[in-house]
Amino acid sequence: MALVAHFDLELHQMDVKTVFLNGDLSEEVYMSQLEGFEANRKENMICRLKKSIYGLKQASRQWYLKFDKIVTSFGFIENKFD
């Protein structure tokens, strides 16, 4: 923030509270129905996830891969020395 103010730069922020909801899954992931949200007469069935959810081991990696793909499509390159 100090550099932004010093050099009169423009700063953009993004909300990372829901960022993990945007990752596409590259493999099949299943989960049991949440307690209290079971479908009537289908309590023993499981759910197949189409998108990553918070708490999933793959969530941060999937989000990074999607973010990297979009950012590099705009012409940005990775800083190899950071």
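Residues numbered from 1 in each chain as written. Predicted model: local features only at pLDDT ≥ 70, side-chain atom pairs only at ≥ 80, totals over all residues. Heavy atoms only, no water.

A look at the overall build of the chain
Where we set the bar: Secondary structure is summarised from DSSP: a helix means a run of H or I of at least four residues, a strand means a run of E of at least two, and numbering begins at the N terminus for each. The classification of residues rests on relative accessible area computed with a 1.4 Å probe and restricted to protein chains. Under 20% of the type maximum is buried, over 50% is exposed, and intermediate values are partly exposed. Per-residue and other accessible areas were derived by the Shrake-Rupley procedure at a 1.4 Å probe size, with only the shown protein chains allowed to occlude residues.
For the chain, the count of helices and strands is two helices and two strands. The helix and strand sequence of the chain, counted from the amino end, reads α-β-β-α. Across the 82 residues in the chain, those meeting the buried criterion constitute 12%. Counting only carbon and sulfur atoms, one obtains 57% of the accessible surface of the chain, whose full area is about 7,900 Å².

Some thoughts on the pattern of salt bridges
For clarity, the threshold we go by: Put simply, a salt bridge is a Lys or Arg side-chain nitrogen that is within 4 Å of an Asp or Glu carboxyl oxygen.
Under the criterion given, the structure shown has two salt bridges. Residue Arg48 is joined to Glu28 by a salt bridge in which the shortest nitrogen-to-oxygen separation is 3.9 Å. Separated by 20 residues along the polypeptide, Arg48 in strand β2 (residues 46-48) and Glu28 in the loop between α1 (2-6) and β1 (30-32) bring together distant segments of the chain. Glu28 sits in the exposed class, given a relative accessible area of 52%. For the salt bridge of Lys80 with Glu78, the shortest nitrogen-to-oxygen distance reads 3.8 Å. Glu78 shares its class with Lys80; the two are exposed.

Some words on unusual backbone geometry
A positive phi angle is found at Asp8, which is not glycine, with a value near 55 degrees. Summarising the element assignment, Asp8 is placed in the loop between α1 and β1. Phi at Arg41 takes a positive value of approximately 60 degrees, unusual for a residue other than glycine. Position of Arg41 relative to the elements: it lies in the loop between β1 and β2. Overall, Arg41 belongs to the exposed group, its relative accessible area being 82%.

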